[in-house]
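Spelled out, the chains give:
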Amino acid sequence: MKCLIVVNAYIKNKSQIMQAERIAEELKRLGAECEIRKNIALAEIVKGNIIAPKYECCVFLDKDKAAARLLEKSGIRLFNNAAAVEMCDDKMLTHIALSNGGIPMPDCIYAPLCYYADASLSVEFLNRVEKLGYPLIAKTCYGSLGSGVFLINDHTELEAFEKSNKLAAHFYQKFIGCGGEDIRVIVIGGKVICAMRRKNEKDFRSNIELGGKGEKYEADERLISLCERVSEILKLDYCGIDVLTDSDGTYNVCEVNSNAFFAEAEKVCGVNIAKKYAELIIAFKNA
Ligand SMILES: Nc1ncnc2c1ncn2[C@@H]1O[C@H](COP(=O)(O)OP(=O)(O)OP(=O)(O)O)[C@@H](O)[C@H]1O
Ligand SMILES: [Mg+2]
């Protein structure tokens, strides 16, 4: 089987290339031919037809939706599929996709799209956001590694945030839990593979990249069925789901990562995640 692994053209983060190399290593071990490429001119449209390299499948480790759509339309099976990558890339769209499906999530208020830099803030909107209670969380729809997640402590901070972010897609969320802590659950082929608790003593965001430390977490039935349902709704082959635990013990889905880094989870859980993902990809070919 010929398999392509796509990483972003402007990749800076070492973890991204290590992730690609680990998956390539395991795919090769299972007999696949494998190539890691950046999404630079991978496919082009000539006279209205897509000309793409010849691969049977592609592990798409980027969030570039046009590149994903091009490859998929040329007939290559993408892991994860283009629609799922897009859905997870936009946190607000993920939230909407998971709503009405019995998935507990933090209460959420989207910010209306604003086109004008000189538009004045809506008092009605700010009043509604404040009903979430302080502290509350503000998020840009497209953010990674904690960079688009902010803690808002009072009205002054809310106004300042809204003022400087009104032209960017964003939303507000109820603050869940005690801060700096969540559970990262890895799901492959619709099954929970492992879970780790992430704790950050220095920041309300538990991301490993911001200093969070991981430890193995034994997922109970409630957490397993919640995360497997999320993966099923979003039609994901692979994902890392961030879960916040409420004061009454309820699991709340915080966000879903279609390209979750797995190095820390492999280390603390003692599970070969790259191998499990490679097995799923090879099984597709043999099906
Ligand atoms: N509603 C919330 N209540 C309390 N803490 C939160 C909330 N939302 C996010 N956090 C904290 O901030 C961290 C980062 O938030 P989130 O997972 O939404 O974004 P991200 O990690 O930047 O996104 P990505 O995983 O795509 O890089 C979470 O892991 C959690 O520790
Ligand atoms: Mg996250």
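What you see is a predicted model; the values in this text were computed from it and never measured.

K.L.:
Lay out helix α4 (residues 91-98) in plain terms, naming residues and giving numbers.
P.N.:
Along α4, the residues that are buried comprise K91, M92, T94, H95 and L98. Take α4 and look down its axis: the buried residues cluster within an arc of 160°, on one side only. A side-chain oxygen of the first residue of α4 lies 3.0 Å from the backbone nitrogen of M92; this N-cap is D90. One or two steps after α4, the chain reaches N100, where phi turns positive at roughly 65°.

K.L.:
With reference to specific residues and values, describe the coordination of the magnesium ion (ligand 2).
P.N.:
The magnesium ion (ligand 2) binds to the protein through D242 (OD) and E255 (OE), with metal-donor distances spanning 2.0 to 2.1 Å. Taken together, the residues span a long stretch of sequence, with D242 in strand β14 (residues 238-245) and E255 in strand β15 (residues 251-257) at a distance of 13 residues. For the pair shown, D242 and E255 are each scored as buried.

K.L.:
Could you give an account of the domain arrangement of the protein chain, naming the residues involved and the relevant values?
P.N.:
Looking at the assigned domains, one finds that the protein chain contains domain 1 (2-86), domain 2 (108-174) and domain 3 (178-271). In this structure, domain 2 and domain 3 have C-alpha centres spaced 25 Å apart. At the junction of the two partners, domain 2 supplies eight residues and domain 3 supplies seven residues. Both sides of the domain 2 and domain 3 interface together cover about 580 Å² of buried area, and 63% of this is carbon and sulfur. Where domain 2 touches domain 3, the interface holds zero salt bridges. Inspection of the region where domain 2 meets domain 3 yields one residue pair in polar contact (both at pLDDT 80 or more). Contributions of two or more residues to the side of domain 2 that touches domain 3 are made by β8 (136-140) and β9 (149-152). No other element matches β9, which puts three residues into the side of domain 2 that touches domain 3. Taken together, the residues of the side of domain 2 that touches domain 3 break down into five nonpolar, two polar and one charged.

Basis of the calculations
- Residues numbered from 1 in each chain as written.
- Chains lettered and ligands numbered in written order.
- Predicted model: local features only at pLDDT ≥ 70, side-chain atom pairs only at ≥ 80, totals over all residues.
- Heavy atoms only, no water.
- Buried < 20%, exposed > 50% of the residue type's maximum accessible area, 1.4 Å probe, protein only.
- Helix = DSSP H or I, 4+ residues; strand = E, 2+ residues; numbered from the N terminus.
- Arc of directions from axis to C-beta.
- Polar contact = N/O pair within 3.5 Å; in protein donor to acceptor, adjacent residues only side chain to side chain.
- Donors = N, O, S within 2.8 Å, 3.2 Å for Na, K, Ca; no water.
- Domains from an automatic or database assignment.
- Contact = heavy atoms within 4.5 Å.
- Buried area = accessible area lost by both parts, 1.4 Å probe.
- Salt bridge = Lys/Arg side-chain N within 4 Å of Asp/Glu carboxyl O.
- Nonpolar A, V, L, I, M, F, W, Y, C, P; charged D, E, K, R; others polar.

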